[in-house]
Every structure is written in structure tokens, then in C-alpha cells.
Amino acid sequence: HAREKHSIDIIFAEVLQILFWINPFIYFIKNSIRLNHEFIADRAVMASKGDTTAYQSLLLAFSSTKHHSLSNSFNKLSLKKRFIAMKTQTSY
């Protein structure tokens, strides 16, 4: 996330949420941005490591522990979408 400068996008989305807090679409946009960042990070890990099963096990173990109160929490739906995306082959 640091190399891709995802924090800039998140800060921008937070500012938009503050300015347009009444608009319900801003919450969907912010969640989509975060999920897209996770897809990008997953793709980078898969390109460097290549072991999908081990990476998915690590994500699942991390999501089931309660020790990550300061980090981004995974919900089951986004984790399922990420697992499906990891198994899907895309052509560029």
C-alpha cells in the first residue's frame, strides 16, 4: 500500500466524505476505493509469491483474530470477493 501511495486516495475519500456527508454514494465510493486497493495489493503479493492458498490462509487467519484493532478490518463479503478475484485469471 505504501509504494502505491494508497493513503493519498484514502485521505481524499475521507475529505470528500466530510464535505459531502449527506450524500449516501460517497460511502459506497469510499468502500470501493478501499476494496480496489486491496485487489491491487493482492495482485502484487500474488505476482511476487504466487502461492494463492497460503496467502488466502494468512488472510483468513488474520481476519478471524481480534488483535488488529488499529488495522483495517476485513468483512466477510470483501474477503470473499478478494478470494474469488485471486482465483480468476484475467487477460490484459
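Note that the structure is predicted; figures quoted are calculated from it, not measured. (Residues numbered from 1 in each chain as written. Predicted model: local features only at pLDDT ≥ 70, side-chain atom pairs only at ≥ 80, totals over all residues. Heavy atoms only, no water.)

### With respect to helix H1 (residues 6-19)
- In this model H1 runs 20 Å from its N-terminal to its C-terminal C-alpha over 14 residues, within 8% of the 20 Å that 1.5 Å per residue would give.
- Where H1 is buried, its residues contact helix H2 (25-48). (Helix = DSSP H or I, 4+ residues; strand = E, 2+ residues; numbered from the N terminus. Expected span 1.5 Å × (residues − 1). Contact = heavy atoms within 4.5 Å.)

### Overview of the side chain of His37
- When you line up the elements, His37 lands in helix H2.
- You can call His37 buried: its relative accessible area is 6%. (Buried < 20%, exposed > 50% of the residue type's maximum accessible area, 1.4 Å probe, protein only.)

### Some words on the confidence of the model for the protein
- Mean pLDDT over the protein works out to 78, with 76% of the residues at or above the 70 mark.
- Ranking the elements of the protein by mean pLDDT puts helix H4 (residues 76-87) last, at 77, and H1 first, at 90. (pLDDT = per-residue confidence, 0-100.)

### Re the environment of Tyr27
- Along the chain, the position of Tyr27 falls in helix H2.
- Among the residues examined, Tyr27 registers a relative accessible area of 34% and is labelled partly exposed.
- Sequence separation of Tyr27 and Gln17 is ten residues, and the distance between their C-alpha atoms is 7.1 Å.
- If we skip the residues at most four places from it in the chain, Tyr27 touches Gln17 and Trp21.

### Re the nonpolar core
- With six residues, the main nonpolar core is built from Met46, Tyr55, Leu59, Leu79, Phe83 and Met86.
- Of all the secondary-structure elements, those providing two or more residues to this core are helix H3 (52-64) and H4.
- A total of three residues in this core trace back to one element, the largest contributor, which is H4. (Core = buried A, V, L, I, M, F, W, Y, C linked by side-chain atoms within 4.5 Å.)

### Describing H2
- Taking 1.5 Å of rise per residue, the 24 residues of H2 would be expected to cover 34 Å, and the 35 Å separating its terminal C-alpha atoms lies within 8% of that figure.
- Of the positions making up H2, those classed as buried are Ile26, Lys30, Leu35, His37, Glu38, Ala41, Asp42 and Met46.
- A positive phi of about 85 degrees marks Gly50, the residue just after H2.

### Overview of the environment of Asp9
- Summarising the element assignment, Asp9 is placed in helix H1.
- Judged by relative accessible area, which is 36%, Asp9 ranks as partly exposed.
- For the pair Asp9 and Ile33, spaced 24 residues apart in the sequence, the C-alpha separation amounts to 7.6 Å.
- Ignoring any residue separated from it by four or fewer positions in sequence, one finds Asp9 in contact with Ile33 and His37.
- Side chain to side chain, Asp9 and His37 meet in a polar contact 3.0 Å long. (Polar contact = N/O pair within 3.5 Å; in protein donor to acceptor, adjacent residues only side chain to side chain.)

### Remarks on the pattern of salt bridges
- Scanning the entire structure with this criterion turns up four salt bridges.
- Between Lys30 and Glu14 there is a salt bridge, and its shortest N-O distance comes to 3.1 Å. Taken together, the residues Lys30 in helix H2 and Glu14 in helix H1 connect sequence positions 16 residues apart.
- Taking the relative accessible area as the measure of exposure, Lys30 reaches 13% and is therefore buried.
- Judged by relative accessible area, which is 28%, Glu14 ranks as partly exposed.
- For the salt bridge of Arg82 with Asp42, the shortest nitrogen-to-oxygen distance reads 2.6 Å. Here Arg82, found in helix H4, pairs with Asp42, found in helix H2; they are 40 residues apart in sequence, far enough to count as distant. For the pair Arg82 and Asp42, one class covers both residues: buried.
- By sharing partners, the salt bridges in this structure join Glu14, Lys30 and Arg34 into a single network. (Salt bridge = Lys/Arg side-chain N within 4 Å of Asp/Glu carboxyl O.)

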